[in-house]
Amino acid sequence: MTSSADTQCDSDARLRELMARGFQFMQSTDSRGELRALVGVRGHDNVIDVVRLESEDHVTATRMPSYEENVFEPSTTWWHSSGQVCDVIDRLLELPDDHTPGSLLVAAGL
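Residues numbered from 1 in each chain as written. Predicted model: local features only at pLDDT ≥ 70, side-chain atom pairs only at ≥ 80, totals over all residues. Heavy atoms only, no water.

Caption draft 1: Spotlight on the pattern of salt bridges. A full pass over the atoms with the stated rule returns six salt bridges. When the shortest N-O distance is used, the salt bridge between D49 and R63 registers 2.6 Å. Pair noted here: D49 is in strand β3 (residues 47-55) and R63 is in strand β4 (residues 58-65), with a separation of 14 residues, a long-range link. Both residues of the pair, D49 and R63, count as buried. Connected through salt bridges with shared partners, the residues R42, D49 and R63 form a single ionic network. (Salt bridge = Lys/Arg side-chain N within 4 Å of Asp/Glu carboxyl O. Helix = DSSP H or I, 4+ residues; strand = E, 2+ residues; numbered from the N terminus. Buried < 20%, exposed > 50% of the residue type's maximum accessible area, 1.4 Å probe, protein only.)

So, in structure tokens, the structure goes:
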């Protein structure tokens, strides 16, 4: 997933960083078998992180409590970001690995 328009963004390196941190990736396909999205999920401490890449410009990432039953449509989220691949993954990588009270506020600069 590289973009010739944005040489500053090395999305492949960022995906490798997510995998190094324990994200497991799967492909979401349509009825014809065409790739719709690449979805990465990582459960750790008392949180689940999910990143969904539909294109270089359409990426979403979410942190939710570990008790969520449906990680693709959670009823509760503690953090969410969407936008371009490198921006969203960078924000996700900046989150603390654990979820302690106030840690997401510190990560958000509040």
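Caption draft 2: Inspection of the sheet that holds β4 at higher detail. Pairing is antiparallel in the open sheet, where five strands are placed in the order β1-β2-β3-β4-β5. Each end of this open sheet is capped by a strand with a single partner; those strands are β1 (24-29) and β5 (79-83). Each adjacent strand pair in this sheet contributes to an overall mean axis angle of 15 degrees, direction not counted. Bridge count between β3 and β4: eight bridges; the pairing is antiparallel. Across the sheet, the residue bridging to V50 is T62, located in β4. Helix α2 (residues 85-94) rests against β3, β4 and β5 of the sheet, and its axis sits at about 160 degrees to β5. (Pairing = 2+ DSSP bridges. Axes fitted to C-alpha atoms, helices over the stretch in contact; angles between N-to-C directions. Contact = heavy atoms within 4.5 Å.)

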